[in-house]
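Overview (structure and organization)
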Amino acid sequence: MSYLDFIFGLLGNFVSLMVFLAPVPTFIQIYKRKSTEGFQSVPYVVGLFSAMLWIYYALLKTDTTLLITINSVGCLVHTTYISFYLCYAPKSARLQTGMLMLLLNVVGMGLIVALTYFLAHGSMRADIVGWICLIFSLCVFVAPLFILRQVIRTKSVEYMPFLLSLFLTISAVMWFFYGLLRKDYNIAIPNVVGFTFGVIQMVLYVIYKGAKKAVEEKLPEIQHKNSEIREQIIDVVTLSALVCPEIVPALPQLVRREDFDLQNEIHIATSS
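What counts and how
Residues numbered from 1 in each chain as written. Predicted model: local features only at pLDDT ≥ 70, side-chain atom pairs only at ≥ 80, totals over all residues. Heavy atoms only, no water. Helix = DSSP H or I, 4+ residues; strand = E, 2+ residues; numbered from the N terminus. Expected span 1.5 Å × (residues − 1). Buried < 20%, exposed > 50% of the residue type's maximum accessible area, 1.4 Å probe, protein only. Patch = residues over 30% accessible without salt bridge, like charges linked within 9 Å, V, L, I, M, F, W, Y side chains within 5 Å. Areas by Shrake-Rupley, 256 points an atom, 1.4 Å probe, with all protein chains shown as cover. Salt bridge = Lys/Arg side-chain N within 4 Å of Asp/Glu carboxyl O. Phe/Tyr/Trp six-rings, centres within 6.5 Å; stacked < 30°, edge-to-face > 60°. Lys NZ or Arg CZ within 6 Å of the ring centre and 35° of its normal.

Okay, helix H4 (residues 65-88) next. Note: α-helices contain 3.6 residues per turn, so residues at a spacing of three or four share the same orientation. With 24 residues, H4 should reach 34 Å at 1.5 Å per residue; the first-to-last C-alpha distance of 35 Å fits that figure. When we look at burial in H4, the residues that qualify are Leu66, Leu67, Ile70, Asn71, Gly74, Cys75, Val77, His78, Tyr81, Ile82 and Tyr85.

Another aspect to go through is a nonpolar patch on the surface. On the surface, Phe14, Leu17, Met18, Leu21, Val24, Ile28, Val73, Leu163, Phe167 and Ile170 cluster together into a nonpolar patch covering about 800 Å² of accessible area. When residues of the nonpolar patch are traced back to their parent elements, those giving at least two are helix H1 (3-20), helix H2 (24-33) and helix H8 (162-181). By secondary structure assignment, the location of Val73 is in helix H4.

Attention now goes to the packing of aromatic side chains. Overall, the coordinates contain 12 aromatic pairs when judged by the stated rule. Ring centres of Tyr44 and Tyr81 lie 5.4 Å apart, and the angle between their planes is 65 degrees; on these two criteria the pair is classed as edge-to-face. Taken together, the residues span a long stretch of sequence, with Tyr44 in helix H3 (residues 42-60) and Tyr81 in helix H4 at a distance of 37 residues. In this pair, the class of Tyr44 matches that of Tyr81, namely buried. Sitting over the ring of Tyr31, Lys34 keeps its end group 3.6 Å from the ring centre.

Structure, rendered in structure tokens:
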């Protein structure tokens, strides 16, 4: 490992850690309410799977300490989030979370490890796992298209926190240069897309940031709902970092029907 890629990897570890900690306010809110209503466990289950997958990839490569450290922390953080979620989730949500973990983290990860271990050897095994990581990471970038559409349609940036988008973009830069300097394109390539989406998000924020005040003046009664949705968005925005600390698209999503109704209210307010 050269001096430069070590620096970029170290910075990537630090920024990714900050993104990992972004859902903490969400879980403080869950603790206060003693309920997980409105929040989903999917980002954390998928994040745990991704961290496990990248650790497996790192173990097949040489000199990948920085990949192992950040994803090990990721495993710990995601497991903590999931455990906390299960404490306050209703029975149906606990069952869904358990099934998802069984299918993805146990069966899915088990099959990947078993098949690559027995059917591939040497560097080919690392190449196959690297391609799996790359494809899995790129699939995540479909989600930001949804939130970008919502921002343009509603002319509101309530669903796209600027600071989180900024940190995700910085993280993409760090991990892109880390992968590029190490000539590991399974890490570098997805971050090109991550950086692009991050820049687009920040440009849209600058364009539509004035709409937030107008909406609040026209519809003061929806501010409380917006606050709840913002927590949900921050919850799910971290999926990119959870899915892979080496890629960082922001991919917020709305998880309840009334959230979509609220978007329509905002759209009407900003259009009038």
